[in-house]
Amino acid sequence: MLPAFRLELKTPILPGLVCVGKFDGQTPSLVCATAAGKLFCHTPGEARPGEELRYLNINRKVSSLASGRLDPSLGRDILLVGTPTALLAYDIAENRDVFFRDAPDGANAIVVGQLAGTGAALALVGGNCSIQGFDREGGEAFWTVTGDSVSAMALAGADEQGDSELLVGSDDFEVRCFCGEEVLSETTETDRPTHLVYIDGAAFAYALSNGTVGVYERPGERRWRIKSKHQVTALGVFDLNGDGHHEVVTGWESGRLEVRSDRSGEVLYKDSFRAPIAGILQSDYRSDGRAQLLVCAADGEVRGYLPLSGEAVAAGGALEAQVEEERLREMQQRKQELLYELRQYEDATRREKTGERPPAAAVPKLPDTAVTARLEPSVQDACLHLVLAASHGAVIRAAIATAERIFEGPDGPDGPCNESLAVYAKAPASELRVPLRPSRDVAAEVQVKALVGSRGASAACLVLELSCSLPRYAMYVPAGAVAAEAPQARVSFSFRGDTERVGRWVEEAFGSGGAAGARLAPSGSGHEVGLVSVRDGQPLWIRVSREGEGSIAIHSGSMEVAGEVLQDLAAALGLAELESDVDFPDDMEAFRETLRIVDESNAVRLQLTAEIADASNAAKGLVIEAEDARILGEVCRMREAYKQLQALNGQLIGEHNKRARNQEQLLVALRRVNNMIQKAAKLRVGAPRAQLVAACRAAVKANNIQRLVALIQHGTNATC
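Everything numeric here is computed off the predicted structure, so don't read it as measured data.

A. Just the nonpolar core, in detail. If you look at the biggest cluster of nonpolar residues, it comprises 57 residues, and the most contacted ones within it are F510, I552 and F591. If sequence neighbours within four positions are ignored, I552 has contacts with V491, S492, F493, F495, V502, I542, R543, V544, L569 and L573. Core analysis: the next-biggest nonpolar cluster, separate from the first, contains 33 residues, A401, A403, F407 and M475 among them.

Structure representation (structure tokens):
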């Protein structure tokens, strides 16, 4: 794959901070972030030799970069620059700020587009557990919360009205799809999503911080994925071979560029750069009517690739032939392995007929041997045992279990998950227990490879493969097994449907896991089922009132667990809208304390800002006084002024450090506030959920703490 053109900008480019736009309305320009809080703009064919780049000083750390037409009446794109505390909209053509807005939650990612219900293009900014949308004048036209700090965003295809869905990746390893303020789907990954790119239909490509790249057919349904030891630094899509389908283009920190089929993940083309890939874009950069794939490297090199056609496709077939050769070599190697295994079986059969003693390394003959799997929860071990059992007297020496989101990684339950777990038996037996400790209630398919051998001193073994389905609520056991009681914390909502439907859901959701036989049982107030999580010993109670009273209560010590159960139950019952009443005393007390910290931090921030402003003015006065004294030859007065200036400078540095610590504390508190709103929203369904988020945002902006607490507890029906 050869580039159509190549540029040497000779200026470092920060990875992920590149964009292209028509800032004069006609000619595309490339904007990149470089060191020391600066941006540079390159427009092909415009500048004179030696003046190809124009620089813009932001004087702040740049955290995100995007461009788009916020104001259609201008007829040109606006540059959007995100920093850890603000958002700047800049008009390059007129060299002026369109607006500047504080963003206390930060600006980790920016996209420009129109969401459902907004009616106009917005600058969508992902920050600390929140997503804000700013209109062309900088007014806040959209706000919602997400589960954790936003790490990646992408707009999905627009409908006839121009409305798009929003894909959001966050630090809690989730990829959420928003339609306006409503969450359409949540997909849990194995690590933090770093890149999201829309392909077509409902399909999108993604990259994770652990080096994984893949494609989803739709949220929750994966086409393929691959994993590398290198980090992904850029991701894009482009129809490079002219077949009408976008290929997935991946840039790596090693400088490797790969083009893979969006359908199968096969490598179609490769290229390499001297430095890590900083960005992958698509634009008619040469203004010749043909879109090019722009690839920017961290050392300032930019290459443009055209779609291949005709002779170019034939020329590009060399790599395809190379891929076919590699595949053929792999198949030949697999053939040799199978032939070797076949010879071992034939030798074993021959020795059995002749009575010859087999050598120690021979493959054992285990006719009709099979390995089965079952799930057994263990309260004592706080885990779910996957019990593997071998038939016909065989023993299991070791096993490797592979699954997503099940095995805790080295950073604990909040860190990336391992994809496999190896277990070996010190004393091989017919059964082997594999401990499963998923940190969250997720359904998974566990693939197992068991090393099976015969009893005795022989070390030769066979590898048998099997799979086992792990239900979402497999970590729960009946409450009677540990004599647990229902917690006081609960969420309740009205339900006047058939109690038997709730009972069937309980049996389907919990009966197939560790809580085998779980079902609603009659109680004094209606029907109930009590469960306990073997993960942390937390009880979970589901109570359905008597016929006619019409309510369901979910008792749990965790708002997050209650929200997941409520969402699952609402989907099973077909409830499109659901308002609830929430009572979690411990969570609400912690929330009030968080709001107190936010108030204190804001007050300290304002005080420190005023003090720093006064000190800065005093410093300016001392500089002027010292320079006057120097000009007049009054050395003693000059020294005294500079001595005072030195002391004042130390004071300013100390005040700056205080402000930085206070800002860090404020961000942590704001993150908790947004996370609480997210958990409260998950305790509602449909319109009440969206209305709650909007009402909570209004209460936060008005600093109405009492109203905010009432909204979380009672929803938009709160009278406070």
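B. Looking closely at the sheet that holds strand 25 (residues 267-272). Taken together, four strands build an open sheet; the order of strands is 22-23-24-25 and the sheet is antiparallel. Of all strands in the sheet, those bounded by a partner on one side alone are strand 22 (232-238) and strand 25. Along the sheet, successive strands turn relative to each other by an average axial angle of 15°, direction set aside. Summarising the sheet, strand 22 and strand 23 (residues 247-252) pair through six bridges and their orientation is antiparallel. Residue L235 lies in a different strand from strand 23, and its bridge partner there is T250.

C. Here's a closer look at the sheet that holds strand 30 (residues 383-390). Strands sit in the order 29-30-33 across an open sheet of three strands; the sheet is antiparallel. The open sheet has two edge strands with one neighbour each: strand 29 (371-378) and strand 33 (431-436). Ignoring which end each strand starts from, the neighbouring axes of this sheet average 25° apart. Relative to strand 30, strand 29 runs antiparallel, the two sharing eight bridges. Each bridged residue has a counterpart across the sheet, and for L375 the counterpart in strand 30 is L386.

D. Seen up close, the pairing of strand 25. Sheet analysis places strand 24 (residues 256-260) next to strand 25, joined by five bridges and oriented antiparallel. Paired with E258 across the strands is K270, a residue of strand 25. Remark: six residues form the turn of the hairpin made by strand 24 and strand 25, two consecutive strands paired antiparallel; G265 in that turn has positive phi of roughly 85°.

Cut-offs and rules
- Residues numbered from 1 in each chain as written.
- Predicted model: local features only at pLDDT ≥ 70, side-chain atom pairs only at ≥ 80, totals over all residues.
- Heavy atoms only, no water.
- Core = buried A, V, L, I, M, F, W, Y, C linked by side-chain atoms within 4.5 Å.
- Buried < 20%, exposed > 50% of the residue type's maximum accessible area, 1.4 Å probe, protein only.
- Contact = heavy atoms within 4.5 Å.
- Pairing = 2+ DSSP bridges.
- Helix = DSSP H or I, 4+ residues; strand = E, 2+ residues; numbered from the N terminus.
- Axes fitted to C-alpha atoms, helices over the stretch in contact; angles between N-to-C directions.

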